[in-house]
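Survey of secondary and tertiary structure
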Amino acid sequence: MALLDKIEAIKAQMASLQADSEEALEALRIKYLSKKGELTALFAEFKDVPAEQKREMGQRLNELKTLVTERITTLREGVADKQKQSNQVDITRPAYPQYVGTRHPLSVVRRQIIDIFARLGFTLAEGPEVEDDWHVFSALNFAADHPARDMQDTFFIEQNPTDVTRNIVLRSHTSSVQVRTMERAQPPIRIICPGRVFRNEAITARAHCFFHQIEGLYIDKNVSFADLKQVLLHFARELYGPETQIRLRPSYFPFTEPSAEMDVSCMLCGGKGCSFCKHTGWVEILGCGMVDPNVLEACGIDSSVYSGYAFGLGIERITNLKYMVKDLRMFSENDVRFLDEFVSAH
Ligand code: PHE
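Residues numbered from 1 in each chain as written. Predicted model: local features only at pLDDT ≥ 70, side-chain atom pairs only at ≥ 80, totals over all residues. Heavy atoms only, no water.

1. Considering the overall build of the protein chain
Looking only at helices and strands, the protein chain has 12 helices and 10 strands in total. Its C-alpha atoms give the protein chain a radius of gyration of 42 Å, more than 25% over the compact-globule value 20 Å for 346 residues. Referenced to the eigenvectors of the C-alpha coordinate spread, the extents of the protein chain come out at roughly 125 × 55 × 40 Å. Counting every position in the protein chain, which comprises 346 residues, the buried fraction comes to 41%. Within the protein chain, contacts between residues at least 6 apart in sequence are counted, and of these 65% link residues at least 24 apart. For the protein chain, the exposed area adds up to about 19,600 Å²; of that, 52% sits on carbon and sulfur atoms. (Helix = DSSP H or I, 4+ residues; strand = E, 2+ residues; numbered from the N terminus. Rg over C-alpha atoms; globule rule 2.2 N^0.38 Å. Buried < 20%, exposed > 50% of the residue type's maximum accessible area, 1.4 Å probe, protein only. Contact = heavy atoms within 4.5 Å. Areas by Shrake-Rupley, 256 points an atom, 1.4 Å probe, with all protein chains shown as cover.)

In structure tokens form, the structure reads like this:
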């Protein structure tokens, strides 16, 4: 076949050339344009073309090469487009279900308690978990030989062999925040102090080496035990319902005088007596009392002018009473199956 016919033959093939993949494109490139390809062969034949035809043939050959190259380029764009389409996101497809976390039950209850007191005008105060002896014990009227200052009850960061007042400890109650606040400000003081506290206890279903407390403190002129009782009654009714009753039993804390423990009427039987309240009709929820004048003086507040009350409760305990969690350890294990049970508790 003459060179011109061969050129025309290849030209004729171009219109119907097809490729639907990278592999097919590569096959076409090899067929026409590679070293052993058909066009290369035609260029090889070119040198035998008689001199007077060389100009025309050369032009035609070059045109053919451009045509083939362009055709393959066009096909390549088609393949790329198709690939892009198949990679495209289907925006009508439903989304993957997304795991939404839940608020921790202790956070839910802490929030509820804070909200109740915030409505009464208490503001939030926080302090460090690593504390010195002064803020945890000394300023709070603990005697130097009080058992809470023993290794059995308190975690020590630094223990001074001769002077207990120079110890550094993990705070065993959030009363330390009350001390810090009283040292900084003069009455009226009305604060609520949530926070984590630490006690050297073996970890069981009923005890843990850390837990959470909320303490309240109110200092002003003429604050009386009656004020304390009324605020706590309001708190109990906000938390457990308007029918709730409270009772105060005399107790002892170094930093309050008089001191009391508060029970609420059993939230399960309403006070009639059931196995939950051990048939007493009452459940203990907090400790409280009038701030001991020694504490006020230690914090720079004139106890002849001011008086105040304080109370403290464990958030775990309140949460247990609400949700009947049987094992305290559940609160700190972060087992999603447990946490998921509080999805609707916000
Ligand atoms: N700080 C006490 C405790 O940890 C609780 C408490 C606070 C009691 C305030 C009375 C007044 O047990």
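2. Let's talk about the site of the ligand
In the neighbourhood of the ligand, 13 residues make up the surrounding shell, with His 173, Ser 175, Arg 199, Gln 213 and Glu 215 lying closest. A distance of 2.9 Å separates an oxygen atom of the ligand from a polar side-chain atom of Arg 199. The separation between an oxygen atom of the ligand and a polar side-chain atom of Gln 213 is 2.8 Å. Protein coverage of the free-state accessible area of the ligand, which is 320 Å², stands at 89%. The set of elements that each furnish at least two residues to the shell around the ligand consists of strand E6 (210-220), strand E9 (282-291) and strand E10 (307-314). The dominant element in the shell around the ligand, judged by the number of residues it contributes, is E10, at 3 residues. A per-class count over the shell around the ligand returns 5 nonpolar, 6 polar and 2 charged. (Near = heavy atom within 4 Å. Polar contact = N/O pair within 3.5 Å; in protein donor to acceptor, adjacent residues only side chain to side chain. Nonpolar A, V, L, I, M, F, W, Y, C, P; charged D, E, K, R; others polar.)

3. A word on the pairing of strand E5 (residues 189-198)
Burial analysis of E5 places 8 of its 10 residues in the buried class, the great majority of the element. As judged from the 2 bridges shared by strand E1 (residues 123-124) and E5, these two strands associate in the parallel manner. Opposite Thr 123, over in E5, you have Ile 191 as the bridge partner. With 10 bridges connecting them, E5 and E6 associate as antiparallel partners. By the bridge assignment for E6, Cys 193 is matched with Glu 215. (Pairing = 2+ DSSP bridges.)

4. Considering the sheet that holds strand E3 (residues 156-158)
Spatially, the 3 strands line up as an open sheet ordered E2-E4-E3, and their pairing is antiparallel. Every other strand in the sheet has two partners, leaving strand E2 (130-132) and E3 as the edge strands with one partner each. For this sheet, the mean inter-axis angle between neighbouring strands, taken without regard to orientation, is 35 degrees. Of the strand pairs in this sheet, E2 and strand E4 (residues 168-170) are connected by 3 bridges, and their pairing is antiparallel. Opposite Glu 131, over in E4, you have Val 169 as the bridge partner. (Axes fitted to C-alpha atoms, helices over the stretch in contact; angles between N-to-C directions.)

5. Re the sheet that holds E1
If you walk across this open sheet you meet the 7 strands as E1-E5-E6-E10-E9-E8-E7, and the pairing is mixed. The strands lining the two open edges of the sheet, one partner per strand, are E1 and strand E7 (246-253). Here helix H8 (residues 225-240) sits on the sheet and contacts E7, strand E8 (256-265), E9 and E10; the angle it forms with E9, its principal contact strand, is near 150 degrees.

6. Topic: the environment of Asp 48
Summarising the element assignment, Asp 48 is placed in the loop between helix H3 (38-46) and helix H4 (51-87). Note: C-alpha distance between Asp 48 and Pro 250 (202 residues apart in sequence) is 122 Å.

7. Quick word on the packing of helix H5 (residues 105-118) against helix H10 (residues 315-323)
Between H5 and H10, the least distance of the axes is 9 Å, while the angle of their chain directions is 100 degrees. Considering the angle they form, H5 stands roughly perpendicular to H10. Listed contacts from H10 to Pro 105, Leu 106, Val 108, Val 109, Arg 110, Gln 112 and Ile 113 of H5 are Ile 315, Glu 316, Ile 318, Thr 319, Lys 322 and Tyr 323. Classifying every residue of the contact of H5 with H10 gives 8 nonpolar, 2 polar and 3 charged. (Parallel < 35°, antiparallel > 145°, perpendicular 65-115°, else oblique.)

8. What to know about the side chain of Thr 244
Inspection of the secondary structure puts Thr 244 in the loop between H8 and E7. In this structure Thr 244 comes out as buried when scored by relative accessible area, which is 5%. Of the polar contacts made by the side chain of Thr 244, one reaches the backbone oxygen of Tyr 240; its length is 3.4 Å. Among the polar contacts made by the side chain of Thr 244, one reaches the main-chain carbonyl oxygen of Gly 241 at a distance of 2.6 Å. When neighbours within four sequence positions are excluded, Thr 244 is seen to be in contact with Leu 233, Ala 236, Arg 237, Val 264 and Ser 265.

9. Notes on the nonpolar core
Ile 113, Phe 235, Ile 285, Leu 286, Tyr 309 and Phe 311 are the most contacted members of the largest nonpolar core, which has 44 residues in total. Put simply, the parts of the chain that give this core at least two residues each are H5, E6, H8, E8, E9, E10, H10 and helix H12 (336-339). Among the elements that line this core, the one with the most residues is H8, at 8 residues. Among all residues touching Ile 285, those that are not within four sequence positions of it are Phe 235, Tyr 240, Met 262, Asp 263, Val 264, Leu 313, Arg 317, Ile 318 and Leu 321. Counting 25 residues, the second-largest nonpolar core is a separate cluster that includes Ala 125, Ala 148, Ile 189 and Cys 299. (Core = buried A, V, L, I, M, F, W, Y, C linked by side-chain atoms within 4.5 Å.)

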